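Each chain is listed here by its residues.
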Amino acid sequence: MLIFEHSREGRVNAPQAPLTDQPCNDIPEALRRKHRAGLPEVSEMQAVRHYTRLSQMNFSIDTHFYPLGSCTMKYNPRSCNTLAMLPGFLNRHPDSPANMSQGFLACMHDLQEILKDVTGMQAVSLAPMAGAQGEFAGVAMIRTYHDARNDDARTEILVPDAAHGTNPATATMCNFKVREIPTDQNGDVDIEALKQAVGPHTAGIMLTNPSTLGVFERRIHEIAGIVHEAGGLLYYDGANLNAILGKVKPGDMGFDVIHMNLHKTFSTPHGGGGPGAGPVGVSQRLEPYLPVPLVTESGGEYHLLTQKSRPDSIGQLSAFMGNAGVLLRAYVYARLLGRDGMQRVAEYATLNANYLMVQLHKAGFDLAYPGRRATHEFIVTLNRQARELGVNTMDFAKRMLDYGVHAPTTYFPLLVPECLLIEPTETEDKTVLDNFVEVMKQIQQEAETDPEKVKGAPYSLPVRRLDDVKAARELDLAWEG
Amino acid sequence: MPFIPHTEEETREMLDAIGAGSIEDLFDEIPAELRSSGLDKVPPGLSEMDIVRLMHERAEQDARTLCFAGAGAYEHHIPAAVWEITTRGEFYSAYTPYQAEASQGTLQLLYEYQTMMTRLTAMDVSNASLYDGASALAEAVLMAVRANRKSKSRRILMPRSVHPAYRKVAHAIVHNQNIVLEELDYAHDRGIIDIASLPDAPGDATALVIPQPNYFGNLEDVHALTDWAHGHGMLVIAVVNPTSLAILTPPGEWGESGADIVCGEGQPLGAPLSSGGPYFGFMCCRQSFVRQMPGRIIGRTTDLDGKPGFSLTLQAREQHIRRSKATSNICTNQGLLVTAATIYMSLLGPRGLERVASHSHANTAYLIERLSTLEGITAVFDSPFFHEAVFRFDLPLDDILRALAAQGIVGGVRLGDDYPELDNCLLICATETRTRADIDSFADALQRISGRLQSTGCPVKPKM
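Residues numbered from 1 in each chain as written. Chains lettered and ligands numbered in written order. Predicted model: local features only at pLDDT ≥ 70, side-chain atom pairs only at ≥ 80, totals over all residues.

### Regarding the overall build of chain B
Move 1: When its secondary structure is counted, chain B shows twelve helices and 15 strands.
Move 2: Taken along the three principal axes of its C-alpha coordinates, chain B extends 80 × 60 × 50 Å.
Move 3: Here chain B holds 464 residues, and 61% of them are scored as buried.
Move 4: In chain B, the share of contacts with a sequence separation of at least 24, taken over all contacts with a separation of at least 6, comes to 76%. (Helix = DSSP H or I, 4+ residues; strand = E, 2+ residues; numbered from the N terminus. Buried ≥ 20, exposed ≤ 12 C-beta atoms within 10 Å, placed from the backbone. Contact = placed C-beta atoms within 7 Å.)

Put into structure tokens, the structure is as follows:
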């Protein structure tokens, strides 16, 4: 039932708005609304009950194991939320003067410093509002860098074929042509193909390490050398730092620019799809181009630097200073972990991924890269099951929901057929991982004995499989009742 | 300290199962020369009690202000139930609803949100949100270039009465694609675009951006502007304040045929000021442009048993399918803020939102009345307004703002940097949360400060 179906014309929820009507006769008639907007008219209890019930139709980290690869669905500590929502932070207007904002700015400055150390970069801007915007900032800085040197031949960005879809889409937004670099059979970038691809037209390469294939790119130094030698820059899609926190720093790998997804590594909430935060870090040569505002400190006082004092900046990416409340949550998390805690995150995220990978392998599942260590994630391929039993990855994923486990990422990266990208994160205990293996074994058995059962799943959720074709053909994007 | 449940015994069992001697062995594929020596600049970990104390101290430093700044971020009352429900773990800790069957709560809520936004704007369709109002305008510009197939110019007419930060963000995001944002001046006496000043032959242009209310709080002549743009083959991109739509003509009804793309900042619908984010951008459009829309879109469909349900749809527009050919690189939206906005709109309903808007307007009218009686302060424009107004000060603004700050008052947003012609001017806002008593104490403070500054021989004319 939709909220609109609870609505009755004339029902008012009086206490939450001003108590009286207020005429607006001074506004010219032609500019005034003629009919009330068709918003729902419900009581507070009806709204609370309706949205509480909707919430209960979701899987979430708080209720289910959620091993969604490449998304790092780790536990979101409650204190991070509570402390970011203190009235002093919530009520601060973004244009409040610096002398009324020292508490908030101190947190932002500290966070910038922490992220500098974590990434091994020279400078950090917290401005981008999400990973994809961080990518945009990174690639726009690469463009500005080449433009500033009057090097207009660099029209191409290299992207491995395993890359996240935002990488090529971002390169296009910065008006670069995208050239894909193939991956070799061990999951590493094909070095020979890379050598063929680079040249005076190469603006840069967008890489993730660990890659989206769940393995560490071992020849990263060689790759950096090849691209730098050709005059290109290295962009690090640091969507995921969970497996390398305190172990390796992207700056040491030779990267020039990196974005971080704080909703992954730094455990800010995923919120049903955002808000995120995608700070960027840069090496010395890109420092002038960082997006504004930046937080600076002098004589114990904090200030925001805007385009006025940073004239070479690629500019401003949001109306104010990005997703400040998300940054506060990440700051609290970073301070709770501390330097040793961060290393332990990397260690236990890696331990959980390797344990789960080995146990699934022992249970008879095929790994995409069996000779490799898992990083924070790894890939199982169900190609054999699809071929021999006619039960594919989607079927496994949907059946898993019946067993109370959120499905891992399916059909990504695109180059591994029938794949499940699995990321358990460090916050899950061994029992949960063992249960996941049992669920997979159970579904395998069902696939062998009763494949139709698996193909018809799920059965125990609010809806069964949805007709996506119908959704796209007979568009119903807003209720007309 | 990290949130790791493993006991030493479990760790041992897991390593044995892997066949590794230690956790360190699991990192053996990383070349030794890359291994870092640790995180010296990251402070040691804190207990929850310690971080609570630190954050309370810092929040307290910035607390208890009386705020008259608006300029794109507005303090409205947020009913208690909004964030009570929004921060339930089932909303807070879920992700993008890729597994639709396990995400019907989020999906249905987004569908309801889309419905509410189409009704508020009187447009056909809405997406499930973008990052914020400024980046939504940038996306609307890119969308207009894709949608207006008749125009070849990649030229967008961008009035100076649009929020300056929005114009900067739009420029930063679109200029790499050779799109030109051409400035249109406003009438300096009325603070709105003067229809009579628009050229008879504007040449090939893709779209006209129309802000309502505009950055100065004034109401543009949206009907005439819309018809002028359509008459010259341009699309109309409306940038609107969602609260104001409870009392102002929705963009779908502007002029003869309505705006084509509508975007704006969703913050007034239930998001706290929170230093500028997270907020959410909204975007609505005509049905015929839906395939050019960026961001997630939710559709209603049926399941195998014919039961209604919801799923992500038109995904062929998006980066995870189209990659370099996608309508945008956007991946996430601002789901949690949309959750808050949907609950906010449900709780207020059409009449409640109308009261929020009309009280904001009335309080601003009172603010203008009070401030205009003060010596050395004049309202700059004489046009219909929503809930903001521009004032010129005879005394130096720096001194006035500093003195206000000392009394815990954020006096407004200064305009001189972005509008040289409005040097020493302040943009001031009063929503429904600024009572008459608040406004009186603001006016009294201004009067005291002006008196003191004048008696201490402060130069009357500020430095230019």
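Resuming the write-up.
### Re the overall build of chain A
Move 1: Helices and strands together make up the secondary structure of chain A, namely 16 helices and 13 strands.
Move 2: Rg of the C-alpha trace for chain A: 25 Å, near the compact-globule value of 23 Å for 481 residues, within the 12% margin.
Move 3: Each principal axis of the C-alpha distribution contributes one length, and for chain A these read about 75 × 65 × 45 Å.
Move 4: Looking at chain A residue by residue over its 481 residues, the buried ones come to 61%.
Move 5: In chain A, the share of contacts with a sequence separation of at least 24, taken over all contacts with a separation of at least 6, comes to 73%. (Rg over C-alpha atoms; globule rule 2.2 N^0.38 Å.)

### Notes on the sheet that holds strand β13 (residues 419-422) of chain A
Residues and elements named next belong to chain A.
Move 1: Judged by pairing direction, the sheet is antiparallel, and its four strands sit side by side in the order β10-β11-β13-β12 without closing on themselves. Single-partner strands in this sheet number two, and they are β10 (366-367) and β12 (409-410).
Move 2: Alignment of β12 against β13, held across two bridges, turns out to be antiparallel. The residue bridging Thr409 from the neighbouring strand is Leu421, located in β13. (Pairing = 2+ DSSP bridges.)

### What to know about the sheet that holds strand β2 (residues 125-126) of chain B
Residues and elements named next belong to chain B.
Move 1: Read from one edge to the other, the open sheet built from seven strands follows the order β2-β8-β7-β6-β5-β3-β4, with strand pairing classed as mixed. Whereas interior strands pair on both sides, the edge strands pair on one side only; in this sheet they are β2 and β4 (180-184).
Move 2: Examined bridge by bridge, strand β6 (residues 235-240) and strand β7 (residues 261-265) share three bridges and lie parallel to one another. When the bridges of β7 are listed, Ile237 appears paired with Ile261.
Move 3: The strands touched by helix α8 (residues 222-231) within the sheet are β5 (207-212) and β6, with β5 carrying the most contacts at an inclination of about 170°. (Axes fitted to C-alpha atoms, helices over the stretch in contact; angles between N-to-C directions.)

### Description of the nonpolar core
Move 1: If you look at the biggest cluster of nonpolar residues, it comprises 316 residues, and the most contacted ones within it are A:Val257, B:Val141, B:Ala144, B:Ile237 and B:Ile261.
Move 2: When residues in this core are grouped by element, the largest group, 22 residues, is from helix α11 (residues 324-362) of chain A.
Move 3: Each residue touching A:Val257, except ones within four places of it in the same chain, is listed here: A:Gly138, A:Met141, A:Ile142, A:Leu233, A:Tyr235, A:Tyr236, A:Val280, A:Val282 and A:Leu286. (Core = buried A, V, L, I, M, F, W, Y, C linked by C-beta atoms within 7 Å.)

### Brief notes about the interface of chain A and chain B
Move 1: Contact with chain A, which involves 172 residues of that partner, is made by 164 residues of chain B.
Move 2: Taken together, the residues that form the side of chain A that touches chain B break down as 86 nonpolar, 50 polar and 36 charged. (Nonpolar A, V, L, I, M, F, W, Y, C, P; charged D, E, K, R; others polar.)

### Side note on the packing of helix α4 (residues 102-119) of chain A against α11(A)
Relative orientation and spacing of two packed helices are given, respectively, by the angle between their axes and the distance between those axes.
Residues and elements named next belong to chain A.
Move 1: Contact geometry of α4 with α11 gives a least axis separation of 10 Å together with a crossing angle of 60°. Put simply, α4 runs oblique to α11. Taken as a pair, α4 and α11 cross one another with a handedness that is left-handed. Residues Cys107, Met108, Asp110, Leu111 and Ile114 of α4 form the contact with α11, whose own contacting residues are Leu327, Leu328, Ala330, Tyr331 and Ala334.
Move 2: For the contact of α4 with α11, the per-class residue count stands at nine nonpolar, no polar and one charged. (Parallel < 35°, antiparallel > 145°, perpendicular 65-115°, else oblique. Left-handed = near helix turned anticlockwise from the far one by under 90°.)

### A short note on the domain arrangement of chain B
Residues and elements named next belong to chain B.
Move 1: Considered domain by domain, chain B is made up of domain 1 (66-73 + 352-455) and domain 2 (80-343).
Move 2: Using C-alpha coordinates to define each centre, domain 1 is positioned 29 Å away from domain 2.
Move 3: With 22 residues of domain 1 at the interface, the matching set in domain 2 holds 22 residues.
Move 4: Its residues assigned to classes, the side of domain 1 that touches domain 2 comprises twelve nonpolar, five polar and five charged. (Domains from an automatic or database assignment.)

### Here's the deal with the pairing of strand β10 (residues 308-312) of chain B
All names here are of chain B.
Move 1: Taking burial as the measure, the five residues of β10 include four buried ones, the bulk of the element.
Move 2: Relative to β10, strand β9 (residues 298-302) runs antiparallel, the two being bridged by five bridges. By the bridge assignment, Arg300 is partnered in β10 with Phe310.
Move 3: Here β9 hands over to β10 after five residues, with Gly306 in that stretch at a positive phi of 80°.

### Comments concerning unusual backbone geometry
Where the residue is not glycine, phi is negative for most of them; where a peptide bond is considered, it is trans in most cases.
Residue and element names in this part refer to chain A.
Move 1: Looking along the chain, the bond that leaves Asn209 and enters Pro210 is cis, with omega of 0°.
Move 2: With respect to the helices, strands and loops of the structure, Pro210 is situated in the loop between β4 (202-207) and α8 (220-229).
Move 3: Geometrically, the link from Gly274 to Pro275 is a cis peptide bond, its omega value of 5° lying close to zero.
Move 4: Structurally, Pro275 can be placed in the loop between α10 (262-265) and β7 (280-282).

### Let's talk about the packing of helix α1 (residues 44-55) of chain A against helix α5 (residues 104-121) of chain B
Move 1: The N-to-C vectors of α1(A) and α5(B) enclose an angle of 135°; their axes lie 7 Å apart at closest approach. Classified by the angle between their axes, α1(A) and α5(B) sit oblique to one another. Facing α1(A), whose interface residues are A:Tyr51, A:Leu54 and A:Ser55, α5(B) presents B:Gly105, B:Gln108 and B:Leu109.
Move 2: Class assignment for the residues of the contact of α1(A) with α5(B) results in three nonpolar, three polar and no charged.

### Considering the pairing of β4(A)
Regular strands show a simple pattern: their side chains alternate between the two faces of the sheet.
Residue and element names in this part refer to chain A.
Move 1: Within β4, six of the six residues are buried, which leaves it mostly tucked inside the rest of the structure.
Move 2: Where strand β2 (residues 156-160) meets β4, three bridges bridge the pair, whose relative direction is parallel. If you follow Glu156 over to β4, its bridge partner there is Thr202.
Move 3: By the bridge criterion, four bridges tie β4 to strand β5 (residues 233-238) in an arrangement that is parallel. Residue pairing for β5: Met206 is matched across the bridge by Tyr235.
Move 4: Handedness of the crossover joining β4 and β5 through α8: right-handed. (Right-handed = clockwise from strand over helix to strand, strands pointing away.)

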